[in-house]
Amino acid sequence: MLKTFIIKYAALISVGLILTFSGYLAITDIEEKQTTLENKSEIMISQVEDAIDAEIQKRVDILMLFRDSWLAVSDIESCYSSHRFETRIPSYYNITPGFKAINWIDVNGTIRWIYPYEENIEVENQSIVILKGDVFNTGFEYAQQTGNMGIMGIIKLYQGGYGFTTYIPLIYNSTVTGYLNGVFDFNILFSEILNPNYGFVGIDQYSVDIFSDNLSIYHKYENFTQNAPYVVSRELSILDSFGLTLSLQPLSEFRNRVSIWNNGSILILGISLAVVVGILVQSLLNRNKLLRISSQEKAVLMLELHISQKMESLGTLAGGIAHDFNNLLAGIQGNVSLVDLNLKTLQKGLEGTKFDLISEIKTDINEIQTLIKNSGKIISQITQFSHSPSSEFEPLNIAPMIYELLRGFRKMIDRRITTVADLTKEEVYLFGVDSRFNQILLNLWINARDAIGSNAGEIKIISQLIQKKNTPKIPSRSDLHQYVMPSSEIYDKQNELEIRISDTGVGIPKDIQQKIFDPFFSTKGKSRHGTGLGLTIVYNSVESMDGSISIISEVGKGSTFILNFPILNREYFPQILESKIMDLDETSIFDFHKMIILLIEDEKLIRKSIQIYLQKCGATVYTAEFGTKGLNLYRSFSKQFDLVILDINLPGMNGIDVYHHIKRLVPQQQVLFITGFSEYGIPPRDEFDLGFMNKPFKLTDLAKKIQNRKFGPPKNEKNKKLN
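This is a predicted model, so every value here is computed, not measured. (Residues numbered from 1 in each chain as written. Predicted model: local features only at pLDDT ≥ 70, side-chain atom pairs only at ≥ 80, totals over all residues. Heavy atoms only, no water.)

To continue, consider the packing of helix H17 (residues 627-637) against helix H18 (residues 655-665). A pair of packed helices is captured by two measures, namely the crossing angle of their axes and the spacing between those axes. Between H17 and H18, whose axes approach to 10 Å, the crossing angle comes to 10°. On the basis of the axis angle, H17 is roughly parallel to H18. Side by side, H17 and H18 meet where Gly 627, Leu 631, Tyr 634 and Arg 635 of the first sit next to Val 658, His 661, Ile 662 and Leu 665 of the second. Looking at the contact of H17 with H18 residue by residue, the classes come out as five nonpolar, two polar and one charged. (Axes fitted to C-alpha atoms, helices over the stretch in contact; angles between N-to-C directions. Helix = DSSP H or I, 4+ residues; strand = E, 2+ residues; numbered from the N terminus. Parallel < 35°, antiparallel > 145°, perpendicular 65-115°, else oblique. Contact = heavy atoms within 4.5 Å. Nonpolar A, V, L, I, M, F, W, Y, C, P; charged D, E, K, R; others polar.)

Moving on to the sheet that holds strand S4 (residues 162-172). Reading across from one edge, S2-S1-S5-S4-S3 is the order of the five strands in this open sheet, with antiparallel pairing throughout. What marks the edges here is a single partner per strand, and that holds for strand S2 (111-115) and strand S3 (150-156). Taking the axes of each pair of neighbouring strands and ignoring which way they run, one obtains an average angle of 20° across the sheet. For strand S1 (residues 99-105) and strand S5 (residues 175-185), the ladder comprises six bridges, and the chain directions are antiparallel. Within S5, the position partnered with Asn 103 by the bridge is Asn 181. Most of the contacts of helix H3 (residues 82-93) go to S1, to which it runs at about 155°, and overall it touches S1 and S2. Those strands touched by helix H7 (residues 186-193) are S1, S3, S4 and S5, and its axis lies near 60° from that of S5. (Pairing = 2+ DSSP bridges.)

For S1, the tally of buried residues reaches seven of seven residues, placing the bulk of the element in the interior. Pairing between S1 and S2: four bridges, direction antiparallel. From the neighbouring strand, Trp 104 faces S2, where its bridge partner is Trp 113. Taking the residues between adjacent antiparallel strands as the criterion, S1 and S2 are bridged by five residues, where Gly 109 takes a positive phi near 90°. (Buried < 20%, exposed > 50% of the residue type's maximum accessible area, 1.4 Å probe, protein only.)

Take the confidence of the model for the protein next. This prediction gives the protein a mean pLDDT of 75; 66% of its residues lie at or above 70. Here residues 381-390 scores under 50 on pLDDT; set against residues more than four positions off or in separate chains, the count is 27 contacts. In this model, residues 526-530 is a region of pLDDT below 50 whose contacts with residues beyond four sequence positions or in other chains number four contacts. (pLDDT = per-residue confidence, 0-100.)

Below, the discussion takes up H18. Taken together, the buried positions of H18 are Gly 655, Ile 656, Val 658, Tyr 659, Ile 662 and Lys 663. End-on, the buried residues of H18 take up no more than an arc of 155°, which puts them together on one face. The inward-facing, buried residues of H18 abut strand S17 (596-600), H17, strand S19 (643-647) and strand S20 (671-675). (Arc of directions from axis to C-beta.)

This part covers the packing of helix H16 (residues 604-616) against helix H19 (residues 699-707). The contact between H16 and H19 brings their axes to 11 Å, and the two run at 60°. Of the possible angle classes, the one that applies to H16 and H19 is oblique. As for how H16 packs across H19, the hand of that crossing is right-handed. Here H16 contributes Ser 609, Ile 610, Tyr 613 and Leu 614 to the contact with H19, which in turn contributes Leu 699, Thr 700, Leu 702, Ala 703 and Ile 706. Class assignment of the residues belonging to the contact of H16 with H19 gives a composition of seven nonpolar, two polar and no charged. (Left-handed = near helix turned anticlockwise from the far one by under 90°.)

With respect to the element layout, Val 542 can be found in helix H14 (residues 534-544). For Val 542, a relative accessible area of 1% puts it in the buried group. Other than its neighbours up to four places away in sequence, Val 542 contacts Ile 440, Gly 547, Ser 548, Ile 549, Leu 563 and Phe 565.

This next bit is on the sheet that holds strand S18 (residues 620-624). Spatially, five strands are ordered S18-S17-S19-S20-S21 in an open sheet, and the strand pairing comes out parallel. Unpaired on one side and paired on the other, S18 and strand S21 (691-694) mark the two borders of the sheet. Here the strands of the sheet are splayed against their neighbours by 20° on average, with no regard to which way each runs. As defined by bridge partners, S17 adjoins S18 across five bridges and the pair is classed as parallel. Among the inter-strand pairings, Ile 600 is bridged to a residue of S18, identified as Ala 624. In this fold H19 packs onto S17, S19, S20 and S21, with an angle of close to 175° to the strand it touches most, S21.

Next up on the list: the environment of Tyr 206. Along the polypeptide, Tyr 206 turns up in strand S6 (residues 206-212). By relative accessible area, which is 1% here, Tyr 206 ends up buried. The spatial distance from the C-alpha of Tyr 206 to the C-alpha of Glu 222 is 8.5 Å, given a sequence separation of 16 residues. If we ignore the near neighbours within four places in the chain, the residues touching Tyr 206 are Leu 37, Lys 40, Ser 41, Met 44, Tyr 221, Leu 248, Gln 249, Pro 250 and Leu 251. A distance of 3.1 Å separates the side chain of Tyr 206 from the side chain of Ser 41, its partner in a polar contact. (Polar contact = N/O pair within 3.5 Å; in protein donor to acceptor, adjacent residues only side chain to side chain.)

Summed over all chains, the structure comprises 18 salt bridges. Bridged by salt links that share partners, the residues Glu 55, Lys 58, Arg 59, Glu 192, Glu 625 and Lys 629 form one connected network. (Salt bridge = Lys/Arg side-chain N within 4 Å of Asp/Glu carboxyl O.)

In this model, the second largest pocket occupies a volume close to 1,200 Å³. Lining the second largest pocket are 44 residues, with Asp 50, Ala 51, Ala 54, Lys 604 and Arg 607 positioned closest to its centre. Of all the secondary-structure elements, those providing two or more residues to the lining of the second largest pocket are helix H2 (10-71), strand S8 (232-238), H16, S18 and H17. Per-element tally for the lining of the second largest pocket: the top contributor is H2, with 15 residues. Here the lining of the second largest pocket is composed, by residue class, of 22 nonpolar, eight polar and 14 charged. (1 Å grid on protein atoms, 1.4 Å probe; cavity = no way out; pocket = protein on both sides within 12 Å on 5 of 7 lines; lining within 4 Å. Points joined across faces, edges and corners; volume = space filled by probe spheres on them.)

As a further point, take the side chain of Ser 544. With respect to the element layout, Ser 544 can be found in helix H14. A distance of 3.3 Å separates a polar atom in the side chain of Ser 544 from a polar atom in the side chain of Arg 436.

With that settled, consider the packing of aromatic side chains. As enumerated under the stated definition, the model contains 23 aromatic pairs in all. Aromatic side chains Tyr 634 and Phe 641 sit 5.9 Å apart centroid to centroid with 15° between the ring planes, which places their arrangement in the stacked category. Neither Tyr 634 nor Phe 641 differs from the other in exposure class; each is buried. Three or more aromatic residues joined by ring pairs form one cluster here, namely Tyr 93, Phe 99, Tyr 115, Phe 164, Phe 184, Phe 186, Phe 190, Tyr 218 and Phe 242. Lying over the aromatic face of Trp 70, Arg 84 brings its terminal NZ or CZ to 4.2 Å of the ring centre. Over the face of the ring belonging to Tyr 162 we find Lys 156, whose NZ or CZ atom lies 5.0 Å from the ring centre. (Phe/Tyr/Trp six-rings, centres within 6.5 Å; stacked < 30°, edge-to-face > 60°. Lys NZ or Arg CZ within 6 Å of the ring centre and 35° of its normal.)

Looking now at helix H13 (residues 434-452). Since the α-helix packs 3.6 residues into each turn, any two residues three or four apart lie on the same face. Over its 19 residues, H13 runs 27 Å from end to end, which matches the ideal 27 Å to within 8%, given 1.5 Å per residue. For H13, the complete set of buried residues consists of Arg 436, Phe 437, Gln 439, Ile 440, Leu 441, Asn 443, Leu 444, Trp 445, Ala 448, Asp 450 and Ile 452. Residue Gly 453 follows H13 closely and has a positive phi angle near 70°. (Expected span 1.5 Å × (residues − 1).)

Let us look at unusual backbone geometry. That bond from Tyr 115 to Pro 116 is cis: its omega, -5°, falls within 30 degrees of zero. The topology assignment puts Pro 116 in the loop between S2 and helix H4 (117-120). Positioned with a positive phi, Asn 173 is a non-glycine residue whose angle comes to about 50°. Tracing the backbone shows Asn 173 in the loop between S4 and S5.

Written out as structure tokens, the structure reads:
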């Protein structure tokens, strides 16, 4: 009965199933696009919120910097110099948009000096209390009574538009000499932040409303209400003094893209497919009916069986994909749920479990740090071959490094393979990068292991001092400056270190020995996972240490790789070791209270973490997220910065260009590069620079780098006085 019904209405059933499936796909696709739009809006409003907070704080910092510079005088008369105000204030006013005016107010609340003069001439010599009545009293009185910055809430500015004002007391020798008055214009500030050139990708796709209570402060593009679709809102606290409501809504063009009317392609395709399938099924049924009693009946049945088997295979494939994908999602969700549960339990502070939960979370964090470290090693191996920036050169005590690496390597090989180390008893230092030297040994040892294969064998490493064969080229690396020695005298003139790595493997034919260092040349084959880059990396790394590499090999008798390196002059061991002492001290307390640092970094999380860390060490840190903004800030206050920390890959003007501009302004300026990966070559370091650090790095390592500044420029070559 059921079979007869299915056969009779097969065409309609097929059409119905396809339409149902197509409708499901269409709805799912639309929901996914809508979710993507909502997530994008949440990310966008978070970025705008952070930018508003950062930009307002930046302008307050600029006023504070002017205050510190203004009070850095030897006589009180300079605190009452209008000429000094007129010549110094323009650079502070023009450093970044957002100020409507910067004024100097005397102790009685009268505006004495104003900038810009033409736009504000009518308020000169006017009392701020008379100008706006009691609305100014709170902020100004707070500054008078406490000696701290007073902030006035949102007001209708005298010049037009909405904004707020700050009053910063100028206290010289415990005496208030006047007040620095910053007038902030919201329209200028928000127009700058919400401009696509600011750096927010896609901000021009949103309408924006900014309110204070029911007062509209700023509006851009289309009108919308708070309860309209896809509107996201945030409550902003401005300098902990007053609040704003920020709302974003995608423009109608982008909202329409996630509507059912603009995403019906799947449904239309499904309807078309359903019609075609319905016609085909009905045609097959009719044909089957006509041929039921014919000699072709058997062939028709076989065709239907073949189609059925294909559909079954397709269903099995889809089910398998769904199964594996759901397992992935389940694993991810399970781990997320465990972390969420631990955090919620920790938040409740349940006695007896708090310590265990903290221990578990700490373990997870340690595992994440291990993953970061391992990822950094992988990137380091790749970038070594592509000649991108790597770690800086330093003195390497070779024997302990070899023994430590050999202990780990023994765990990676068949126990039938023995390893023998016969190293020189003399203390020998090379000049290089520890990770690169380890990579040299590991690559050669792994090749030796693979050459021996599953047989018993031996890998031997021998080091000895020999009479120097060739005089190496004089190193030109700027890394040598930190060791306070002439580059021509860094190496021992009589001896060099020879390292021999031998194996009892299959050996290398003579006709290919000249090719083994070529990129992508490999004799291992796909089954042995040979990439052809291992020996190329070895060759480049040895050459970077002013060394050489050669090979002696015979088929059936094994291979010997011979490495020759120049060794560091023993006369300079005290200077060499002095630079290493601080790196070994993990408990150092860093005190940067006298330092003023400029940090130019486009990644917000990295910029914020470095700024907070260095501020906790006592440094004064000014930040910029773009190269042009950082350069403008430097041009205004160049002689005040003890150090510039500079990222290489920056939007717009890259870090290399910023570096050259800075060096033209102040050749003695100390600069420290930080980078993850860059297509730009780092310029040669001069005697004042600190080199570079690879991301990711520990903030304690950054602090050690800064604390080692005594190896940089002499103290008398750096003007640290505030102008």
